[in-house]
Amino acid sequence: MRRMTMTIRWIGFLTVLMGWMNSVSAQTPPNCPPSYSAGYVITGDSVSFCLDGVNLTCNAYSTLHSTDSYSVANIPYNPYPWNGANQVLVNIDDAWSQVVTLPFAFCYFGQKYNQVQIGANGQLFFGNTQPVNTGGTNPWASNGLVAPTANNGMNNCIMAPYHDIDPGVFFAGSQVTWDIYGTYPCRYLVVSWDSIPMFQCNNILASQQIVLFESTYLIDINIKEKPICSTWNGGVAHEGIQNANGTVAFMVPGRNGTVWQATNDSYRFTPAGVQTVNYQYYWVDVTTGDTIGTGQNLNYFPTQSTQVTVQCYAVTDCDTIAAFFGDTINVIVTGNVIADFSSDIHLGCDDDTVH
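To start, this report covers the structure provided alongside it. In this text the structure is predicted, and so the values were computed from the model without any measurement.

Under the criterion given, the structure shown has 6 salt bridges. Note that Arg-187 and Glu-214 form a salt bridge whose closest N and O atoms lie 2.7 Å from each other. A residue pair is termed long-range when its members are at least 10 positions apart, and Arg-187 in the loop between strand E10 (175–181) and strand E11 (188–198) and Glu-214 in the loop between strand E12 (201–213) and strand E13 (219–226) qualify at 27 residues. Summarising the burial analysis for this pair, Arg-187 and Glu-214 share the class buried.

If you want it as C-alpha cells, here you go:
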C-alpha cells in the first residue's frame, strides 16, 4: 500500500511536442562516427591486365561486443541538455510514462528494442509492457533490495539511480523530459529528471540523466545532484542496469541498495561480451552502382577502369550494424593486345616450314 503523506500538487497541462529533434544541438556523442561499429580494408590485385580480371579481398574489423555483459567505468562529468522537448509524468508520482518510440534500435542484454518507458522513480524500462496510470504502478519501496533481483522497478531497467523521488510535487523548474539529438548513425536519446523533490524530503532535489547512444549501444548515467533522504525508504538508492528476468545486473560499485550521495558524477556502461566476428559483404561497382558480388572475396572482370567498394555489416548478438569506415579501390583495366602476323612458307623435300 502506498504510504500516506500530504503533498501540495500543482495542476498543470502536459504539452506534447511532436518533433523528433531538439532545435538546439546538444554535443558530439562519444565515438561518432561510431568507431565501435565496424570498418573494412580492401586488398588484392586491382589491375586487370588483358581483361584477366581482378582479385580483391575485404578484411573487416569491429570493436563491437555482445550486450550480454558490460563494463562499468567512471567518466568525466559532461551532461547533455536537461530540458528535452518532450515532457512526461507531469504532477504524477509512482507511475510509468506513456511509451516512447525511438527512431533507432538499441540492443540491451541481447535483445533489440525501439520502445522505452520512463519511470517516475528514476528508471528507464525497455519495452512497452509497464502499466500506465497514476495508481502507484512504479514501485518505490526499494529498501532491502540488492540487484540482481526480480522486481518490477528493476527488471529490464536502467537505474539512474532508482530511488523514491516525487514528480508529483511542484517545484519551480522541476521536470522529467526526453529528447533525441544527432543524426544517423550517431543519434542518442537523453532522458532527464531535473530538480525532482525527494519523497518526504521535498526541500531537497535530485537531478539525474540517462543517455542511450545509437550503433555503439553505450549507456551513460549523469548525476548533477543525488541527495539522501535518510528518513524515508532507508535512504537507499540503486545505480546500474539489470536484465529482464532479474538474474544479471551490473551496478556502480557501492551503489547497490546502499546509502550514498553524488554530485557532478558520471558512469558509462559499455557492452563487453563476445567480440563481433561475423560480417556480411556486398561488393559494389561505384561507377554503375551495381552489386557485383557477395562474400569476403571478389573476382571481377570489368571492361573498363572503375572503382569498387564494399557495403559491409557487422553482425552483433541482436542486430546488424553498417560499417561506417571503409575503402574504395581503383580498378584499372590495361594491356589490351591486338594480335597480328604474316606468314612465309618454305617448301622442303620432305616437310614444309612455315615462318
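Here 3 strands make up an open sheet; going across it, the order is E1-E3-E19 and the pairing antiparallel. Of all strands in the sheet, those with a lone pairing partner are strand E1 (39–45) and strand E19 (297–300), marking the two edges. Strand-to-strand twist across the sheet, computed as the mean angle between neighbouring axes with direction ignored, equals 25°. Note that strand E3 (residues 54–61) and E19 share 4 bridges and pair antiparallel. The partner of Thr-57 across the bridge, within E19, is Asn-297.

This part takes up the state of the cysteines. Taken as a whole and judged by the stated rule, the model has 3 disulfides. Two residues, Cys-201 and Cys-229, share a disulfide whose sulfurs are 2.0 Å apart. One disulfide, between Cys-201 and Cys-229, carries an S-S torsion of 65° and so falls in the right-handed class. Of this pair, Cys-201 sits in strand E12 while Cys-229 is found in the loop between E13 and strand E14 (237–242), placing the two residues 28 residues apart along the sequence. In the protein, the bonded cysteines, numbered by position in the sequence, are linked as 1-3, 2-6, 4-5.

Criteria and thresholds
- Within every chain, residues take consecutive numbers counted from 1 along the sequence as written.
- Since the coordinates come from a predicted model, pLDDT governs what is reported: local features require at least 70, and pairs of side-chain atoms require 80 or more to be given and counted, while whole-chain, interface and lining totals use all residues.
- Side-chain numbers here rest on the full set of heavy atoms in the structure, without hydrogens or water.
- Salt bridges are counted wherever a side-chain nitrogen of Lys or Arg sits within 4 Å of a carboxyl oxygen of Asp or Glu.
- Secondary structure elements follow DSSP: runs of H or I no shorter than four residues count as helices, runs of E no shorter than two count as strands, and numbering proceeds from the N terminus.
- Classification of residues uses two cut-offs on accessible area relative to the type maximum, computed with a 1.4 Å probe and protein chains only: under 20% is buried, over 50% is exposed, and between them is partly exposed.
- For two strands to be treated as a pair, DSSP must find no fewer than two bridges joining them.
- For every element, the axis is a line fit to its C-alpha atoms; helices are fit only across the contacting stretch, and the angle between N-to-C directions ranges from 0 to 180 degrees.
- In plain terms, two cysteine sulfur atoms within 2.5 Å form what is called a disulfide here.

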